[in-house]
Amino acid sequence: MVITYNGEKLRYIEDYFGEQVLWITNPSQISMEHMKFVGGYPDEYCIYLKDLPEADVTKIISQVVNDAEGRGKTSRI
C-alpha cells in the first residue's frame with residue numbers, strides 16, 4: 001500500500017523478515033533521511049519503521065489502518 005511520509009509517496013510493506021518498511025517508489029527518494037540500501041539492484045532502498053521517531057511511526061500506522069478500514073468498507077458494498 002502506498003502512504004505519504006515527509007511529502008513523498010512510499011510503499012508500506014513487511015519485508016522478508018517481517019520488518020515494517022517504507023520502500024521507494026521513485027529513485028529520487030534514495031537521499032531521504034533514514035533511507036538504507038538493502039539489496040543488489042540499484043532501486044532496493046527502504047526506511048525501517050523501527051528507525052523512525054515514534055510520532056512518525058504513529059502517523060504511518062494510522063494511514064495503514066485507515067486504508068485497511070477503507071478497503072473493508074468498500075468490499076462490503
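Preceding block: the structure.
Residues numbered from 1 in each chain as written. Predicted model: local features only at pLDDT ≥ 70, side-chain atom pairs only at ≥ 80, totals over all residues. Heavy atoms only, no water.

Undergrad: For this particular structure, what's the right way to read the nonpolar core?
TA: One broad trend across soluble globular proteins is that nonpolar side chains are buried collectively. The biggest cluster of nonpolar side chains holds 15 residues, and the ones touching the most others in it are Tyr5, Leu22, Ile47 and Ile60. If you list the elements that add at least two residues to this core, you get strand 1 (2-5), strand 2 (8-14), strand 5 (45-48) and helix 1 (54-76). The leading source of residues in this core is helix 1, at three residues. Beyond its immediate sequence surroundings of up to four residues, Ile60 is in contact with Ile3, Tyr5, Tyr12, Leu22, Leu49 and Leu52. (Core = buried A, V, L, I, M, F, W, Y, C linked by side-chain atoms within 4.5 Å. Buried < 20%, exposed > 50% of the residue type's maximum accessible area, 1.4 Å probe, protein only. Helix = DSSP H or I, 4+ residues; strand = E, 2+ residues; numbered from the N terminus. Contact = heavy atoms within 4.5 Å.)

Undergrad: I keep staring at the pairing of strand 5 and nothing clicks. Help me out?
TA: Regular strands place their side chains on alternate faces of the sheet. Burial of strand 5 is two-sided: the residues Tyr45 and Ile47 facing one way and the residues Cys46 and Tyr48 facing the other way are all buried. As judged from the three bridges shared by strand 3 (residues 20-23) and strand 5, these two strands associate in the antiparallel manner. When the bridges of strand 5 are listed, Val21 appears paired with Tyr48. Bridging between strand 4 (residues 36-37) and strand 5 involves two bridges; their strand directions are antiparallel. In the sheet register, Lys36 faces strand 5, and the bridge partner there is Cys46. (Pairing = 2+ DSSP bridges.)

Undergrad: How do you make sense of the sheet that holds strand 1 when you look at a structure like this?
TA: Two orientations exist for strands paired in a sheet by backbone hydrogen bonds: parallel and antiparallel. Here five strands make up an open sheet; going across it, the order is 1-2-3-5-4 and the pairing antiparallel. Edge positions in the sheet fall to strand 1 and strand 4, since each of these pairs with one other strand and no more. Where strand 2 and strand 3 come together, four bridges link them in antiparallel fashion. The residue bridging Glu14 from the neighbouring strand is Gln20, located in strand 3.

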